[in-house]
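Overview (structure and organization)
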Amino acid sequence: MSIVVFTEKNKAASQIAGILSGGHFNRASVEGVPVYDFKMNGKEWRIMGLAGHIMGYDFPEQFNNWRECDPAILLDTDPVKNVTKKPYAAAISLLASGAEEVVLACDFDREGENIGFEAKTIAEKVASFPVKRARFSSLSASEIKNAFANLVEPDYNMAMSAEARQILDLKMGAAFTRFMTLAVREKARTKGVISIGPCQTPTCGFVYEREKLIKNFQSKDFWKIEAVFDANGTEFTGAHRGGHISEKAKADEIFARIKNCRKGLVDKKSVKQALISPPYPLNTTEFLKRASKFMGVSPENALEIAEQLYLSGFTSYPRTETNKYAEDFDFRSKLVAFSSGTYQKYALSIISAGEISCRNGTKDGHDHPPIHPIRAASRDDVEKSIRMPDAWKVYDLIARHFLANLMGPAVFEKTRFEILVGGEIFDVTGSVLKDAGWLEVYPFETKNDKLLPAIEEKEEVGVKEIKNIKSETTPPKRLTEAELLTLMDKHGIGTKATAPSHIETNKKRGYFETKGKTILILDTGFTLMDTLDTTVSILVKPEIRARIESLIQDVEDGKKTLESALAEGTSLIKEMYSQLYSSKDAIAARMAGTITDEQVTTDKKNFVGTCPECGRILHMIKTEKGRFVGCTGYPGCKKTYPLPKAGALTVMRSQECSKGGVAVLKVANKYNWAVGIGPCFTCELEKKCFPPEVVGPCPACDGSMFLISVKDSRFLGCTNRCGHTQSVPKGGRLTVLSTLCEHCGWHMLRVKEKDKDAVEFCANRQCAGKKRISGRIKQN
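In short, a report on the structure. None of these values were measured; they are calculated from a predicted model.

1. Topic: the overall build of the protein
A tally of regular secondary structure across the protein gives 21 helices and 31 strands. Taking 28 Å as the expected radius of gyration for a compact globule of 780 residues, we find that the protein reaches 37 Å, considerably beyond that expectation. Principal-axis analysis of the C-alpha atoms places the extent of the protein at approximately 115 × 85 × 60 Å. Counting all 780 residues of the protein, 49% fall into the buried class. When contacts within the protein are restricted to residue pairs at least 6 apart in sequence, long-range pairs at least 24 apart make up 66% of them. Put simply, the protein shows about 38400 Å² of open surface, and 48% of that area lies on carbon and sulfur atoms. Side-chain charges in the protein split into 111 positive and 97 negative, and the spacing between the mean points of these groups amounts to 9 Å.

Laid out in structure tokens, this is it:
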């Protein structure tokens, strides 16, 4: 008989086995899964790592066919939880059959508790034994030994809260996604899935709301008057007290009165000391925001790296709501560990300052301490253990943040001048960093010092320039990932563990993308959100999801049973589904149109442009009766344009029609065609749109010789069509150069044939310079 321990992952199993056994353990394999064996206190111990969730919910098989199953039925159907990773289930059963006690040692949060209960459910099918729980926040030796010396009962309510989330998310995601996808497929040929998710959709909704503000923003003009001052050889800038002046006449009147002033008087001066306190300790949301903002690491990658740092024993558990340390937290021993190596300077300065105090936050999730380093490490230590890009950057952020929490405030000296110029007040502000404090260890925050000269009240300063600057209001900026995480946290969308995955899901679905740190919503995402906002706005807004998250929390807190929370949550989902169903036609039509337009736009060969009638997409269409340009808005929009009957067509994307044709096409490399106008050779503006490549004056008349290219030939012809022509080399790439012939003034030509050197020459037969061709060129 043995004590069997189940951890969340194999790496944690090996770490815990090493700690409990003092490094003396054997590695075995059960059903292909690693198991670590050792003896402790006269008992056999066997520790096995799971692979995260090894069971998952899904609907019974008869509901798998999307077309044969009404999505609404899923809302009244209980999903079934089945084993998804069979080798792990088999290994659990074998270990449990010889167990006298089982210890669940998964991560201490909702999902970890639920994963432990999955192992417990499988194990209890083969034997009966007591089940205990080891709770810890890091894989440090002291914490692991303490956790196993003080085992507790598994938390059923916490495990069931995760169960509630899984079931409600599955019901809503499956029913709504199937409904949307099938509705759109009735109107558009697409194999794509229109994904709707209980957290994914309101997450995209935040990005949509910001984009809507940007699209609807109407800028307004304003004027601001600035002065450039000079004192003791130092230039500095001041802004007129009026700030942004919306009336041009008022700005002009002020400017006219003072524009010629060359002296200003320092009317008031104030100097204040400002203290900038260190940031609060890191909880998960703040960590993800700072990793994105300062390191440029996406939330999903940051959380994965933090997970690996935790499993490797470098940092504490990365999923926590808490941003305050316990009163008995041992800061000194941590600092002693950091008193050599990369962070030596900062650790020693904190220790030498005397009493160690931390700036704590206000959130206590009663689960784990804030994210902090468990041991001091070098870049080599981290990069050897964790083969992931940015692993060191993330560790460095966590370590520096921890040290910053224990350091003093940054001290700034803020100076303010009020300078009178012709009776008008100009404000000048600046600040100087006097004591870096915590900023010394935290280089990520910018220190915008603005140095000002040493001048006093009633002194005169020079006025070098006064400007009346016209500007306009600007729309709000697009969200960054850090700002999106803040909104999600504020409105209860997702959890500390799942928030990054909801952002990534939207990216994978093609609803939005990131460029640098900025999030850009894509056409499909905007149209989907806009459609839902006008029909079922409750889906886009965060309120319903927040209510469901509240239900899940009630299960964890023991205020509601799993069954009652599922019933209430399902009722909310049904309410949303009813609104979605009643708007089916409108939703499907808009989404189908967007999908069709995107498909046409990516077909560069046939995409023509934007329809002037409805704003949809124009493209070339071929039928048995011929070809034409039509609109994707058909049958609602019947706008069409004729095309030439024969000849390959190429859209000239860089060419615009002077008469307003929607696009210009090249027809079989023979002539050009303006869509909506006709052939360009019949248009009096052809030479304006397609100016000829003039080589030189025509020898026979007052016209100009230009290069003419047809399907099988090219030659020089006269712009007056007098009949004078001249041959040019038949083969190779021919270019009219800006260089002029020194003998006759014609533009030189350059010909480059394959596998031969380029040759430059003058094509004028009557050129005074007899050697017009350097090299042998065969002409027609």
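2. Topic: unusual backbone geometry
Phi at Asn 41 takes a positive value of approximately 55°, unusual for a residue other than glycine. For Asn 41, a relative accessible area of 73% corresponds to the exposed category. Of note in this structure, Asp 390 is not a glycine but carries a positive phi near 75°. In this fold, Asp 390 is placed in the loop between α12 (379-385) and α13 (391-405).

3. Brief notes about the state of the cysteines
This structure, assessed with the given rule, holds 0 disulfides. Free of any disulfide, Cys 199 has its nearest neighbouring cysteine sulfur in Cys 204, separated by 13 Å.

4. Structural notes on the packing of helix α8 (residues 284-295) against helix α14 (residues 481-491)
Following both chains from N to C, one finds α8 and α14 inclined at 165°, their axes separated by 8 Å at the closest point. In terms of orientation, α8 and α14 fall into the roughly antiparallel class. Here α8 and α14 pass one another in a crossing that is left-handed. Across the interface between the two elements, Thr 285, Leu 288, Lys 289, Ser 292 and Lys 293 of α8 pack against Glu 481, Ala 482, Leu 485, Thr 486 and Asp 489 of α14.

5. Focus on helix α9 (residues 299-311)
For α9, with 13 residues, the first-to-last C-alpha span of 18 Å sits near the 18 Å given by 1.5 Å per residue. The element α9 is largely enclosed, with a buried count of 10 among its 13 residues. Along α9, the residues classified as buried are Pro 299, Ala 302, Leu 303, Ile 305, Ala 306, Glu 307, Gln 308, Leu 309, Tyr 310 and Leu 311. The elements touched by buried residues of α9 are α1 (10-21), α8, α12, α13, α14 and α15 (499-508).

6. Observations concerning the pattern of salt bridges
Scanning the model with the defined rule gives 44 salt bridges in all. A salt bridge links Lys 43 to Glu 100; its shortest N-O distance comes to 3.7 Å. Pair noted here: Lys 43 is in strand β4 (residues 43-49) and Glu 100 is in strand β7 (residues 99-105), with a separation of 57 residues, a long-range link. A salt bridge links Lys 639 to Glu 613; the nearest nitrogen and oxygen atoms lie 3.9 Å apart. On the criterion of sequence distance, the pair formed by Lys 639 in the loop between β19 (626-631) and β20 (640-642) and Glu 613 in the loop between β17 (607-610) and β18 (617-623) is long-range, its members being 26 residues apart. Overall, Glu 613 belongs to the exposed group, its relative accessible area being 56%.

7. Things to note about the pairing of strand β9 (residues 221-231)
Of all 11 residues making up β9, 8 are buried, and the element is well covered by its neighbours. In the sheet, β9 pairs with strand β14 (residues 460-472) via 10 bridges, with the strands oriented antiparallel. Pairing of Ile 225 across the sheet is with Asn 468, part of β14. Pairing geometry for β9 and strand β10 (residues 234-240), over 6 bridges, is antiparallel. The residue of β10 that forms the bridge with Asp 230 is Glu 235. Following β9, the chain reverses through 2 residues before pairing antiparallel with β10; Asn 232 in that reversal takes a positive phi of roughly 55°.

Cut-offs used in this document
- Residues numbered from 1 in each chain as written.
- Predicted model: local features only at pLDDT ≥ 70, side-chain atom pairs only at ≥ 80, totals over all residues.
- Heavy atoms only, no water.
- Helix = DSSP H or I, 4+ residues; strand = E, 2+ residues; numbered from the N terminus.
- Rg over C-alpha atoms; globule rule 2.2 N^0.38 Å.
- Buried < 20%, exposed > 50% of the residue type's maximum accessible area, 1.4 Å probe, protein only.
- Contact = heavy atoms within 4.5 Å.
- Areas by Shrake-Rupley, 256 points an atom, 1.4 Å probe, with all protein chains shown as cover.
- Lys, Arg positive; Asp, Glu negative; His and termini not counted.
- Charge placed at Lys NZ, Arg CZ, Asp CG, Glu CD.
- Disulfide = S-S within 2.5 Å.
- Axes fitted to C-alpha atoms, helices over the stretch in contact; angles between N-to-C directions.
- Parallel < 35°, antiparallel > 145°, perpendicular 65-115°, else oblique.
- Left-handed = near helix turned anticlockwise from the far one by under 90°.
- Expected span 1.5 Å × (residues − 1).
- Salt bridge = Lys/Arg side-chain N within 4 Å of Asp/Glu carboxyl O.
- Pairing = 2+ DSSP bridges.

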